[in-house]
Amino acid sequence: MKIVLEHLTKRFPNRNKKIRDEVVAVNDFDFTIPDGKLIGLLGPSGCGKSTALNLICGLEKPTEGKIYFGDLDVTALAPEKRGVGLVFQNYALYPHLSVRENIRFPLENLRGDKKLTKQQMEEKVLEAAKLVQIEELLDRKPNEMSGGQQQRVAIARALVKRPQVLLLDEPLSNLDARLRLQTREELKRIQLETGITTVFVTHDQEEAMSISDTIVVMKDGVLQQMGKPQDIYDDPINLFVAKFLGTPQINVFTGEVIGEKVYIDKAQVCDAPGVRDGDVYVAVRPEGFVVDPSGPLICEFIGREVMGRDTSVIARHGNFLGENIRAIIPSEELIDSKDGSVRFALKPSKVRLFDKGSEERIRVEA
Ligand SMILES: Nc1ncnc2c1ncn2[C@@H]1O[C@H](COP(=O)(O)OP(=O)(O)OP(=O)(O)O)[C@@H](O)[C@H]1O
Ligand SMILES: [Mg+2]
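Residues numbered from 1 in each chain as written. Chains lettered and ligands numbered in written order. Predicted model: local features only at pLDDT ≥ 70, side-chain atom pairs only at ≥ 80, totals over all residues. Heavy atoms only, no water.

Caption draft 1: Quick look at the nonpolar core. I103 and I134 are the most contacted members of the largest nonpolar core, which totals 35 residues. Contributing elements (two or more residues each) for this core: α2 (99–108), α3 (118–131), α4 (147–159), β7 (165–169) and α5 (177–194). The element that contributes the greatest number of residues to this core is α4, accounting for six residues. With residues up to four places along the chain from it excluded, the contact list for I103 reads V125, A128, A129, I134, L138, V153, A156, R157 and V160. Counting residues in each nonpolar core, the second largest holds 29 residues, with A267, V284, V342 and F344 among its members. (Core = buried A, V, L, I, M, F, W, Y, C linked by side-chain atoms within 4.5 Å. Buried < 20%, exposed > 50% of the residue type's maximum accessible area, 1.4 Å probe, protein only. Helix = DSSP H or I, 4+ residues; strand = E, 2+ residues; numbered from the N terminus. Contact = heavy atoms within 4.5 Å.)

Spelled out as C-alpha cells, the structure:
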C-alpha cells in the first residue's frame, strides 16, 4: 500500500499565550512512500518525526494537506479504520495479560463481519508470534521477558491484524547495543517477509541507514532530503544532512576557493572545477584522509584509537569547526608524527563543498 502525503502540515499553537509563534511540527510534507518499502524517518529530537507518524496513523489531525493510502483519501478516517499497526517506543504491553492475550487484544475488538472465532484468533496469534519467533513465550507475562522479547511481542501485536501499513516510533531505543542490532535485523526480515509498507522513526542515523530502503531526513519540520541511504551519504544536499549522516561525523573546515582550487588556510587540498572564488565550508568524510608525509594539510597530532580493522587518527587544525578531526585509516598504515604533527592528503571523492552563507551544497563539475 503506497502512502501519499500531499502538502501535509501540522501546526501546534504555542501554549504560552504571550508568544504568538506556533510550532510547525510538520511543514508541507509532499512525497510518496512507495508500496512495500521500509522508509526511515530520521532527524534530531523535536524535528517532528513522531508528529508525522501520528498524522499517518490518524492520532493527529493535519492542519493542512491530505493523506492517501493507495488511492483512498484517509485524511478524515479514524485511526482504527486505517488498517495501521503501531509500535511505540515504550512497547505499551498490558502487564497483567500474558503474551498470548497481549497479541490477541486487537483481534477481540473486531465487530460485524470481521468478528473472529476463538479458533481463528488463536491461529492468527500463533502466526504473528512465529513471525517474530516468540511462539515459545506465549504463556509468559511481559515482566518475565527481556526487553528484546517484549519488543517482539509489541511488533507481533501490531502485525496480528495484518495491517496495510506498519508504523514504528523509535522501537529499538530501549534495547542495549547488541539486542538493538539483532532486533533491527529481525525487523528488516519481518518487513521483507510480509511486504508491509513500513515507516520507521529514529534519530539514530546508523540504524536508519542500515535497514531503510529510503531515508527521509528532516529538520525543524521540513524535509531536507529523501533518497537511498548511500545516495544521501555520498550526495548530501546541504551541510545539515552531511553532518547528520555518518559516524564519525563529516569533518568541516572553513576554506576558500581561489582559481578553481580549494584551500584550507594556506594548504591547497583539492580542485574545484567550475566553482566561483569565495569562502566555503570544506567537509571531509573520515575515510577521505590519507596520511602522507608530503600531504598539504598539516595538523596537530593528538592521538590514535585502534578499532581493529581501522585506526581513528585524532588531530587538530585552526580552520576546523569543532575540536577534534577524526580521520579513519587502515590499521596497518603507519603514522609519522615525530614532531607532533601529522600531514594529510585528501581524497577528492570524499570532499564536499558548501556555501558559507546558505550551507547549501556547491557542486563541482565532473
Ligand atoms: N501536542 C503538542 N502541542 C504542542 N506542541 C507539540 C505537541 N506535540 C509536539 N509538539 C512540538 O512539535 C515539535 C515536534 O515534536 P515531535 O514529537 O514530533 O518531535 P520528534 O522528532 O518525534 O522528537 P523526539 O526525537 O524527541 O521524539 C516539537 O517542537 C514539539 O515540542
Ligand atoms: Mg518522537
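Following the structure, the description resumes.
Caption draft 2: Structural detail: the sheet that holds strand β19 (residues 341–346). Strand order in the open sheet made by the five strands is β15-β19-β16-β17-β18, with antiparallel pairing throughout. If you trace the sheet from one side to the other, it starts and ends with β15 (289–291) and β18 (325–330), each paired once. Each strand axis lies, on average, 50 degrees off the axis of its neighbour in the sheet, ignoring direction. Judged from the seven bridges that link them, strand β16 (residues 297–307) and strand β17 (residues 310–316) form a sheet pairing that is antiparallel. In the strand pairing of β17, E300 is matched with R316. (Pairing = 2+ DSSP bridges. Axes fitted to C-alpha atoms, helices over the stretch in contact; angles between N-to-C directions.)

Caption draft 3: Seen up close, the side chain of T183. Tracing the chain through its elements places T183 in helix α5. On the basis of relative accessible area, T183 is assigned to the buried category, the value being 3%. In this structure T183 touches Q151, L172 and L175, once residues within four positions along its chain are discounted.

Caption draft 4: Seen up close, the environment of G278. Turning to its location among the elements, G278 is positioned in strand β14 (residues 278–284). A residue is classified by how much of its surface remains accessible, and G278, at 26% relative accessible area, is partly exposed. On a C-alpha basis, the gap between G278 and L97 in space is 65 Å, while along the polypeptide they are 181 residues apart. Discounting chain neighbours no more than four positions away, the residues touching G278 are G255, E256 and V257.

Caption draft 5: The arrangement of the domain arrangement of the protein chain in detail. Examined at the domain level, the protein chain breaks down into domain 1 (3–243) and domain 2 (249–362). Every contact between the two is made by nine residues of domain 1 and, on the other side, eleven residues of domain 2. Of the roughly 1000 Å² buried between domain 1 and domain 2 on both sides combined, carbon and sulfur atoms contribute 48%. Three residues stand out in domain 1 for area buried against domain 2, namely Y233, L239 and K243, and they jointly supply 53% of the buried area on that side. On inspection of domain 1 and its partner domain 2, the count reaches one salt bridge. Here R361 and D235 are joined by a salt bridge, their closest N and O atoms 2.8 Å apart. When contributions to the side of domain 1 that touches domain 2 are tallied by element, the ones reaching two or more residues are α7 (229–234) and α8 (239–244). The biggest single contributor to the side of domain 1 that touches domain 2 is α8, with three residues. Looking at the side of domain 1 that touches domain 2 residue by residue, the class counts come to five nonpolar, one polar and three charged. (Domains from an automatic or database assignment. Buried area = accessible area lost by both parts, 1.4 Å probe. Salt bridge = Lys/Arg side-chain N within 4 Å of Asp/Glu carboxyl O. Nonpolar A, V, L, I, M, F, W, Y, C, P; charged D, E, K, R; others polar.)

Caption draft 6: Structural context of the sheet that holds strand β4 (residues 64–69). Sheet architecture is open: four strands sit in the order β2-β1-β4-β5, paired in antiparallel fashion. Looking at strand neighbours, the two that pair on one side only are β2 (23–33) and β5 (72–73), the edges of this open sheet. In this structure, strand β1 (residues 3–12) lies alongside β2, joined through seven bridges in antiparallel fashion. In the sheet register, F12 faces β2, and the bridge partner there is V23.

Caption draft 7: Expanded view of the packing of aromatic side chains. One pass over the structure, following the stated rule, counts five aromatic pairs. Where F29 meets F31, the ring centres are 5.3 Å apart and the plane angle is 50 degrees; that geometry is what we call tilted. For the residue pair F29 and F31, the accessibility class agrees, reading buried in each case. An angle of 65 degrees between the planes, with centres 5.0 Å apart, marks the rings of F289 and F344 as edge-to-face. Residue F289 is located in strand β15, and its partner F344 is located in strand β19; the two are separated by 55 residues in the primary sequence. A relative accessible area of 0% means that F344 is categorised as buried. Lying over the aromatic face of Y233, R285 brings its terminal NZ or CZ to 3.9 Å of the ring centre. (Phe/Tyr/Trp six-rings, centres within 6.5 Å; stacked < 30°, edge-to-face > 60°. Lys NZ or Arg CZ within 6 Å of the ring centre and 35° of its normal.)

Caption draft 8: Examining a negative patch on the surface more closely. Together, E256, E260, D277, D279 and E365 give the surface a local cluster of negative charge. Tracing the backbone shows E365 in the segment after β21 (361–362). (Patch = residues over 30% accessible without salt bridge, like charges linked within 9 Å, V, L, I, M, F, W, Y side chains within 5 Å. Areas by Shrake-Rupley, 256 points an atom, 1.4 Å probe, with all protein chains shown as cover. Lys, Arg positive; Asp, Glu negative; His and termini not counted. Charge placed at Lys NZ, Arg CZ, Asp CG, Glu CD.)

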